[in-house]
Amino acid sequence: MNRNPIVPFILIIFLGIGLVFLLSSQGANEEEGDGEETASEEGGEGGGGEASSGDFDAEGFARDNCASCHGQDFSGGMGPALAGTSLAEEDFTAALREGPGSMPEFTQDQIADEDVTTLYEFFSEQ
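The structure presented is a predicted model; accordingly, all values stated were derived computationally and were not measured.

**Quick look at helix α5 (residues 89-98)**
Now for step 1: The set of residues buried in α5 consists of F92, L96 and R97. The arc that holds the buried residues of α5, viewed along the axis, is 125°, so those residues lie on one side. Every exposed residue of α5 that faces more than 90 degrees away from the buried side is listed here: E90 and E98.
Now for step 2: Residues of α5 that are buried in the fold lie against α6 (113-125).
Now for step 3: Downstream of α5 by one or two residues, G99 has phi in the positive range, about 60°.

**Comments concerning helix α3 (residues 58-65)**
Count 3.6 residues to each turn of an α-helix, and residues three or four apart come out pointing the same way.
Now for step 1: Three or more residues of α3 are buried, namely A58, F61, A62 and N65. Buried residues along α3 cover an arc of 100° about the axis, so they all sit on one side.

**Topic: the packing of α3 against α6**
Now for step 1: The contact between α3 and α6 brings their axes to 9 Å, and the two run at 85°. Taken together, the axes of α3 and α6 are roughly perpendicular relative to one another. Between α3 and α6, the residues in contact are A58, E59, F61 and A62 and T118, L119, F122 and F123, respectively.
Now for step 2: Grouping the amino acids of the contact of α3 with α6 by side-chain chemistry returns six nonpolar, one polar and one charged.

About the criteria used
- Residues numbered from 1 in each chain as written.
- Predicted model: local features only at pLDDT ≥ 70, side-chain atom pairs only at ≥ 80, totals over all residues.
- Heavy atoms only, no water.
- Buried < 20%, exposed > 50% of the residue type's maximum accessible area, 1.4 Å probe, protein only.
- Helix = DSSP H or I, 4+ residues; strand = E, 2+ residues; numbered from the N terminus.
- Arc of directions from axis to C-beta.
- Contact = heavy atoms within 4.5 Å.
- Axes fitted to C-alpha atoms, helices over the stretch in contact; angles between N-to-C directions.
- Parallel < 35°, antiparallel > 145°, perpendicular 65-115°, else oblique.
- Nonpolar A, V, L, I, M, F, W, Y, C, P; charged D, E, K, R; others polar.

Nothing here speaks to function; it is geometry throughout.
Here you go:
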């Protein structure tokens with residue numbers, strides 16, 4: 001009995017491609033269907049959409065936008081520590097708006113000034 005050794009490889013490739021499409025569509029449905037968008041989902045790369053200060057989640061914003069560089073506990077990483085920051089609020093706001101070094105800039109459309117104050121207070125209390 002001669003078996004063609006290519007057939008199993010072709011089946012595995014098709015199953016893999018099908019799995020990628022299935023998982024991609026499942027992830028897209030979860031983002032669209034949950035009804036609540038996080039800041040990073042609204043604004044795309046490097047920030048979030050405009051958030052009103054009444055429902056601003058400073059910890060959520062920080063986890064979505066700051067933790068990858070400043071550490072999961074905000075004690076520092078590629079970027080300096082944010083927990084227990086010793087920066088004055090004006091310096092913190094300037095750094096957030098201007099994005100020193102490789103840090104992205106966060107505009108007024110991405111985070112309102114009132115929310116920057118809430119974020120500063122969140123980091124000061126850490």
